[in-house]
Amino acid sequence: MHPQRCAIHFRSDGVALSPAEYARLLARLAEEDRIAADEFSLGGAVERLELRMAELLGKEVAVFMPSGTLANHLAVRLLAQRGRRVLVQHESHLYRDCGDCAQELSGLTLVPLAPGRASFTVDEVAAESAREAEGRVRTPIGAISIESPVRRRQGEVFDFAEMQRIAGFARERGIGLHLDGARLFLASPFTGIAAAAYAAPFDTVYVSLYKYFNAAGGAVLAGPRDLLAGLYHQRRMFGGGLRQAWPYAAVALHYLEGFSQRFDEAAATADELFRALEQRLGVEVLRRPASTNVIRLRIRGADAASLAERLAARGISIRPPLAAFAEAAEFELIVNETIRHRPIAETIADFERAIGCK
């Protein structure tokens, strides 16, 4: 074991602060006089975060939300003015993981497209649009929501060219566009597209504060000023007007500054690791064509399934295997900033020892 080393993990998008680490960071930020309290999520550190996020996303304003579920819900609720149908990916968070909130609470009808895929096409959108006039009652599409990267598709991004074609189709017909960009800032090193450029075709965009900006919770929803003006009223109506949100905003602001450069370095370091594992040990590195920071490794050997335990003894944490067989096991690794915590040569050596039992 190497207890003197900083821990590296491949279990989530963020650095996974412990409660003690989080409390110490807040105390340090407070001592440096960088925290101003908000009142019911208005002003103070929350306002600073909203202004900075709007700038980075290329939108006029941003509004703090207590969760991504509420951010996505309120976005499509606001945008679905032309009609009550909202096109979404079948594999999206809004369709699969939100308890039908948009349907139950806002009377919207979510229409899922592209099961098993990260992207749908403008032709699929056009086909749904053509059905508006086919029934005896007109059912217009009011909004299109696109998640990218897609968690349920191993972090795949939505095809950017297809996204632009869909945006053009929607604009011509007055259909609102929302981007569920919870992990948007993670995608840039892999796509070469800045967050603001990726978000540009959309009216609104949501970004998570906890996934990799390491806040204990929270989200932001950004978009045009006239659309989001007064959104804090609806936020409160849905139970999201937190008394104070500065403990979330202050930590998110801390990690937001310089994140793009740090994560560029993390992605490059991870590539070096995976190339070494492929070339030196014959590990099979499984990447989807449009993948981002989620990678799968297929390890061969009778003891492959116990790799997580051997890595843990060397200060590296990964999840248990997704699948284990007699002579192989498959693992999912999520790249985050912790890979920068020690020299990559040491990390490669520890993987080699754990996989090869050296």
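Colleague: Quick question: what am I supposed to make of the sheet that holds strand β9 (residues 284–286) here?
Modeller: Adjacent strands of a sheet form backbone hydrogen bonds with each other and so pair up, either parallel or antiparallel. Strand order in the open sheet formed by 4 strands is β9-β10-β13-β12, with antiparallel pairing between adjacent strands. Both outer strands of the open sheet, β9 and β12 (323–324), are each paired with one neighbouring strand and no more. The pairing of β12 with strand β13 (residues 328–334) spans 2 bridges and is classified as antiparallel. Its bridge partner lying in β13, A324 is registered against A329. Relative to strand β10 (residues 294–300), helix α13 (residues 259–281) is tilted by about 20 degrees, and along the sheet it contacts β9, β10 and β13.

Colleague: Even after reading the chapter, I still don't get α13, so can you show me in this structure?
Modeller: Each full turn of the α-helix corresponds to 3.6 residues, which orients residues three or four apart in the same direction. With 23 residues, α13 extends 32 Å from end C-alpha to end C-alpha; this agrees with the ideal 33 Å at 1.5 Å per step. Among the residues making up α13, those that are buried are F259, R262, F263, A266, A267, T269, A270, L273, F274, A276 and L277. On its buried face, α13 is in contact with α8 (184–191), α12 (246–256), β9, β10, β13 and α15 (344–356). Once α13 finishes, G282 follows within two positions and takes phi at roughly 70 degrees, a positive value.

Colleague: When you look at the packing of aromatic side chains in this model, what are you seeing that I'm missing?
Modeller: Each pair of aromatic rings is reported with the distance of its centres and the angle of its planes. For the structure on display, the rule yields 10 aromatic pairs. Measuring from ring centre to ring centre gives 5.1 Å for F120 and F158, while their planes differ by 80 degrees; the resulting arrangement is edge-to-face. Taken together, the residues F120 in the loop between β4 (109–113) and α6 (122–130) and F158 in the loop between β5 (141–147) and α7 (160–173) connect sequence positions 38 residues apart. Ring centres 5.5 Å apart and planes at 10 degrees place the aromatic pair F259 and F263 in the stacked group. Taken together, the residues span about one helical turn, with F259 and F263 both in helix α13 at a distance of 4 residues.

Colleague: Just to check I follow, could you spell out the sheet that holds strand β6 (residues 176–180) for this structure?
Modeller: Spatial ordering of the open sheet is given by β2-β8-β7-β6-β5-β3-β4, a layout of 7 strands whose pairing is mixed. Because the sheet does not close on itself, it has two edges, and the strands there are β2 (61–65) and β4. Sheet twist, expressed as the average angle between the axes of neighbouring strands with direction ignored, equals 20 degrees. Relative to strand β7 (residues 204–208), β6 is paired through 3 bridges, and the arrangement is parallel. Paired with H178 across the bridge in β7 is T204. Helix-sheet contacts for helix α2 (residues 44–57) involve β2, β7 and β8 (219–223), and the interaxial angle to β2 is about 130 degrees. Strand contacts of α6: β3 (85–89), β4 and β5, with the helix running at about 155 degrees to β5, the strand carrying the most contacts.

Cut-off values and rules
- Residues numbered from 1 in each chain as written.
- Predicted model: local features only at pLDDT ≥ 70, side-chain atom pairs only at ≥ 80, totals over all residues.
- Heavy atoms only, no water.
- Pairing = 2+ DSSP bridges.
- Helix = DSSP H or I, 4+ residues; strand = E, 2+ residues; numbered from the N terminus.
- Contact = heavy atoms within 4.5 Å.
- Axes fitted to C-alpha atoms, helices over the stretch in contact; angles between N-to-C directions.
- Expected span 1.5 Å × (residues − 1).
- Buried < 20%, exposed > 50% of the residue type's maximum accessible area, 1.4 Å probe, protein only.
- Phe/Tyr/Trp six-rings, centres within 6.5 Å; stacked < 30°, edge-to-face > 60°.

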